Amino acid sequence: MYDPSHLRTFLAVAQTLSFTQAARRLGLRQSTVSQHVRRLEDATGRPLFLRDTHSVELTEDGEAMLGFARRILEVHGQATAFFTGTRPRGRLRFGASEDFVLTRLPEILEGFRYEHPEVDLELTVELSGTLHERLAAGRLDLVLAKRRPEDPRGELVRHDKLVWIGTERLRLDPDRPVPLIVYPPPGITRARALEALERQGRPWRITCTSGSLNGLIAAARAGLGVMAHSRGLIPPGLARIPERAGLPDLGEVDFVLVHGERRGPAHTAAQALASTILAGGDRLHRRGA
């Protein structure tokens, strides 16, 4: 009843909330993406998206279809692997950005481990910049991280906006340098924050540096300053800084999956994990959000 290719397209649109971004992720024409969604809506007899020229949103039926689509594709993948004899195995070195510490990524990895027990998963949680460096050095097989501005590679998992966040009680003095809470180099959000402030000509000072997301969150909750962060992943106890504070726009950010160069069993396992993450990408937001 439900074509797996249509379900994959539906998930891509649901996760990016963009037919254009979904087409880029899947390597399809935008007209094909629209056709797949239309055929899936015909099959269900329900509209799955509310869309106009400016936005795309899931309907209530679309929200319900997310879980069904994910499970159908997971079972479809299991059946394909079983009967083709291509079950992945071996050691897979996977790197995930600190940004996903508070999301349901652990649940996705647990499901992958259950479905692929012959894969030994070696997990590294680090800064996006560090993960890209390790991937380039051949020390990782697959990375889930922010996309570097100069690097077009990667399968799009999540598109989001970078915003300024801090504790709600924080008040910024316009006559004093902006107090910043940042990752150490080569943090991608650190670079974006400093570049934006420099372009605006706004003075700044670093009040806290930590290589741990939990460290940054603790500093922000303590009111030590502001930090740049993905809008869809704002940690509990923190909020967006109001526009009246006059902080510069930080632009948008893509979270992508990038494969390493190693072939053989690791490559097959990386492809399987990438498919699992892409199928469950709607779970990569803050818990409870």
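Everything below is about the structure printed above this text.
A brief look at the structure comes next.

Thresholds, definitions, all that
- Residues numbered from 1 in each chain as written.
- Predicted model: local features only at pLDDT ≥ 70, side-chain atom pairs only at ≥ 80, totals over all residues.
- Heavy atoms only, no water.
- 1 Å grid on protein atoms, 1.4 Å probe; cavity = no way out; pocket = protein on both sides within 12 Å on 5 of 7 lines; lining within 4 Å.
- Points joined across faces, edges and corners; volume = space filled by probe spheres on them.
- Helix = DSSP H or I, 4+ residues; strand = E, 2+ residues; numbered from the N terminus.
- Nonpolar A, V, L, I, M, F, W, Y, C, P; charged D, E, K, R; others polar.
- Salt bridge = Lys/Arg side-chain N within 4 Å of Asp/Glu carboxyl O.
- Buried < 20%, exposed > 50% of the residue type's maximum accessible area, 1.4 Å probe, protein only.
- Contact = heavy atoms within 4.5 Å.
- Polar contact = N/O pair within 3.5 Å; in protein donor to acceptor, adjacent residues only side chain to side chain.
- Core = buried A, V, L, I, M, F, W, Y, C linked by side-chain atoms within 4.5 Å.
- Phe/Tyr/Trp six-rings, centres within 6.5 Å; stacked < 30°, edge-to-face > 60°.

Remarks on the layout of surface pockets
Logical step 1: For the largest pocket, the calculated volume is near 840 Å³.
Logical step 2: Lining the largest pocket are 30 residues; nearest its centre among them are Leu73, Gly77, Ala272, Ser275 and Thr276.
Logical step 3: Counting residues per element, the lining of the largest pocket draws most heavily on helix 9 (residues 265–279), at eight residues.
Logical step 4: Residues that form the lining of the largest pocket fall into these classes: twelve nonpolar, eleven polar and seven charged.

Thoughts on the pattern of salt bridges
Logical step 1: Enumeration according to the criterion identifies eleven salt bridges in this entry.
Logical step 2: The partner of Glu126 in a salt bridge is Arg134, with the nearest N and O atoms 3.9 Å apart.
Logical step 3: With its nearest N and O atoms 3.2 Å apart, the salt bridge here joins Arg147 to Asp254. Of this pair, Arg147 sits in the loop between strand 5 (142–146) and strand 6 (155–166) while Asp254 sits in strand 11 (residues 252–259), placing them 107 residues apart in sequence.
Logical step 4: It is possible to trace a salt-bridge network through shared partners that takes in Arg158, Asp160 and Arg231.

Some remarks on helix 2 (residues 19–26)
Logical step 1: The set of residues buried in helix 2 consists of Phe19, Gln21, Ala22, Ala23 and Arg25.
Logical step 2: Looking at the buried residues of helix 2, the elements they touch are helix 1 (4–16), helix 3 (30–44), strand 1 (49–51), strand 2 (56–58), strand 6 and helix 9.
Logical step 3: Two or three places before Thr20, at the opening of helix 2, Ser18 has a side-chain oxygen 3.3 Å from that residue's backbone nitrogen.
Logical step 4: Backbone geometry just after helix 2 places Gly27 at a positive phi near 70 degrees.

Some words on helix 6 (residues 128–136)
Logical step 1: When helix 6 is considered as a whole, its buried residues turn out to be Ser128, Gly129, Thr130, Leu131, His132 and Leu135.
Logical step 2: Each element contacted by the buried residues of helix 6 is listed here: strand 3 (90–97), strand 4 (119–126), strand 5, helix 7 (188–200) and strand 11.
Logical step 3: Of the residues one or two after helix 6, Gly138 is the one with positive phi, at around 80 degrees.

Focus on the nonpolar core
For soluble globular proteins, nonpolar side chains are generally found buried alongside one another.
Logical step 1: Counting 39 residues, the largest nonpolar core has Leu144, Trp164 and Ile277 as the members making the most contacts within it.
Logical step 2: Of all elements in the fold, only strand 3, helix 5 (105–115), strand 5, strand 6, strand 7 (178–182), helix 7, strand 11 and helix 9 reach the threshold of two or more residues within this core.
Logical step 3: If you look at the next biggest cluster of nonpolar residues, it comprises 21 residues, including Val37, Leu66, Ala69 and Ala279.

What about the side chain of Lys146?
Logical step 1: Looking at the secondary structure, you find Lys146 in strand 5.
Logical step 2: Among the residues examined, Lys146 registers a relative accessible area of 3% and is labelled buried.
Logical step 3: There is a polar contact of 2.6 Å between the side chain of Lys146 and the side chain of Asp99.
Logical step 4: With residues up to four places along the chain from it excluded, the contact list for Lys146 reads Ser97, Asp99, Ser128, His132, Ile188, Thr189, Val253, Asp254 and Phe255.

Structural notes on the packing of aromatic side chains
Logical step 1: Tallied over the entire structure, the rule returns three aromatic pairs.
Logical step 2: Seen in terms of ring centroids, Phe10 and Phe49 are 5.4 Å apart; in terms of plane orientation they differ by 50 degrees. Their pairing is tilted. Separated by 39 residues along the polypeptide, Phe10 in helix 1 and Phe49 in strand 1 bring together distant segments of the chain.
Logical step 3: Owing to a relative accessible area of 4%, Phe49 belongs among the buried residues under this scheme.
Logical step 4: Ring centres of Phe19 and Phe49 lie 6.1 Å apart, and the angle between their planes is 70 degrees; on these two criteria the pair is classed as edge-to-face. Pair noted here: Phe19 is in helix 2 and Phe49 is in strand 1, with a separation of 30 residues, a long-range link.

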